[in-house]
Amino acid sequence: MTTVEHHPPIVGSAVWHTEDDTRAFAAKLAAHPAIADAFIELHGDLGAGKTTFVRHLLHALGVKGRVKSPTYAVVEPYELPSMRVWHFDFYRFNDPQEWEDAGFRDLFAGAGLKIAEWPEKAQGLLPLADLVMQIEPDAQETRHVTLRAQTARGQELLA
C-alpha cells in the first residue's frame, strides 16, 4: 500500500479576512516540525495571495529581508540554519525538458521544504504534495482557503 492508501486525504479550510490572518496561519504552519521536509502546492488565480502566503511563511521560518516571487527564475532557494527551502513558481514553465535541465528532480528528491505555485504547469513531473492549498479571494478581498492533506506529513501539518 502506498502512503496515500494508508492515509486518505483530510480536507480542512481557513478564512483569511486580512493579511494578519494570512500571517497568523503561516506562523502556525511554520511552527510545526513536519514543515522541514514538506511539499506544499499552492493553487489559485493571479492575485489570489499565493506569494503573500509564501512570504509570511518564509519570514515565520526565519528568512530575513525580501521574499520575491520566482516567476522569472522559476525557483528561489533559501538557506536557513534548520532547513533548506525552495520556492517554485511554474507559471511560465512550458517545457518538461527544463525540469531535467534545471535539476528539479534532484531538488524534490532531497530534504527541505518545497513550495510550488502553479503546480499544474508541471503536472506529471511533481511528486505527490503533502499539502495542497487552494486560495480563492472573494469580492471583499477575503481569502477562502481549502487545505487537503495527501500524506501522513500533510495530516501532521493540519493537526
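Residues numbered from 1 in each chain as written. Predicted model: local features only at pLDDT ≥ 70, side-chain atom pairs only at ≥ 80, totals over all residues. Heavy atoms only, no water.

### A short note on the pairing of strand 2 (residues 39-43)
Of all 5 residues in strand 2, 5 are buried, a share of seventy percent or more. By the alternation rule, side chains of strand 2 split into Phe 39, Glu 41 and His 43 and Ile 40 and Leu 42, which are all buried. By the bridge criterion, 4 bridges tie strand 2 to strand 5 (residues 113-117) in an arrangement that is parallel. By the bridge assignment for strand 5, Ile 40 is matched with Ile 115. Sheet topology places strand 2 next to strand 6 (residues 131-137); 4 bridges connect them, and they run parallel. Each residue of the ladder has a partner; that of Leu 42, found in strand 6, is Met 133. (Buried < 20%, exposed > 50% of the residue type's maximum accessible area, 1.4 Å probe, protein only. Helix = DSSP H or I, 4+ residues; strand = E, 2+ residues; numbered from the N terminus. Pairing = 2+ DSSP bridges.)

### Quick look at helix 2 (residues 19-30)
Working note: α-helix, 3.6 residues per turn, so residues spaced by three or four point in the same direction. Over its 12 residues, helix 2 runs 16 Å from end to end, which matches the ideal 16 Å to within 8%, given 1.5 Å per residue. Among the residues making up helix 2, those that are buried are Thr 22, Phe 25, Ala 26, Leu 29 and Ala 30. End-on view of helix 2: buried residues confined to an arc of 135 degrees, all on one side of the axis. Summarising the geometry of helix 2, the exposed residues directed more than 90 degrees from the buried face are Asp 20 and Lys 28. The N-capping residue of helix 2, defined by a side-chain oxygen 3.3 Å from the backbone nitrogen of Asp 20, is Thr 18. (Expected span 1.5 Å × (residues − 1). Arc of directions from axis to C-beta. Polar contact = N/O pair within 3.5 Å; in protein donor to acceptor, adjacent residues only side chain to side chain.)

### Quick notes on the side chain of Lys 114
Within the secondary structure, Lys 114 is located in strand 5. A polar atom in the side chain of Lys 114 sits 2.6 Å from the backbone oxygen of Gly 110. When near neighbours in sequence (up to four residues on either side) are disregarded, Lys 114 contacts Ala 38, Phe 39, Ile 40, Trp 86, Phe 88, Leu 107 and Phe 108. (Contact = heavy atoms within 4.5 Å.)

### A closer look at the environment of Thr 52
Within the fold, Thr 52 resides in helix 3 (residues 50-61). For the pair Thr 52 and Ala 122, spaced 70 residues apart in the sequence, the C-alpha separation amounts to 21 Å.

### Observations concerning the confidence of the model for the protein chain
Residues of the protein chain with pLDDT of at least 70 account for 94%, and the chain-wide mean is 89. Low confidence marks residues 1-7, where pLDDT is under 50. Its contacts with residues over four positions away, or in another chain, come to 9 contacts. (pLDDT = per-residue confidence, 0-100.)

### Looking at the side chain of Asp 89
Summarising the element assignment, Asp 89 is placed in strand 4 (residues 84-89). No salt bridge is formed by the buried Asp 89; the nearest opposite charge belongs to Lys 50, separated by 7.2 Å. At a separation of 3.4 Å, a polar atom in the side chain of Asp 89 contacts the side chain of Ser 69. Among the polar contacts listed, one links the side chain of Asp 89 to the backbone nitrogen of Tyr 91, at a separation of 2.9 Å. (Lys, Arg positive; Asp, Glu negative; His and termini not counted. Salt bridge = Lys/Arg side-chain N within 4 Å of Asp/Glu carboxyl O.)

### Considering helix 3
If you check helix 3, its first and last C-alpha atoms are 17 Å apart, about what 12 residues at 1.5 Å a residue would give, namely 16 Å. Gly 62 sits one or two positions beyond helix 3 and adopts a positive phi of about 115 degrees.

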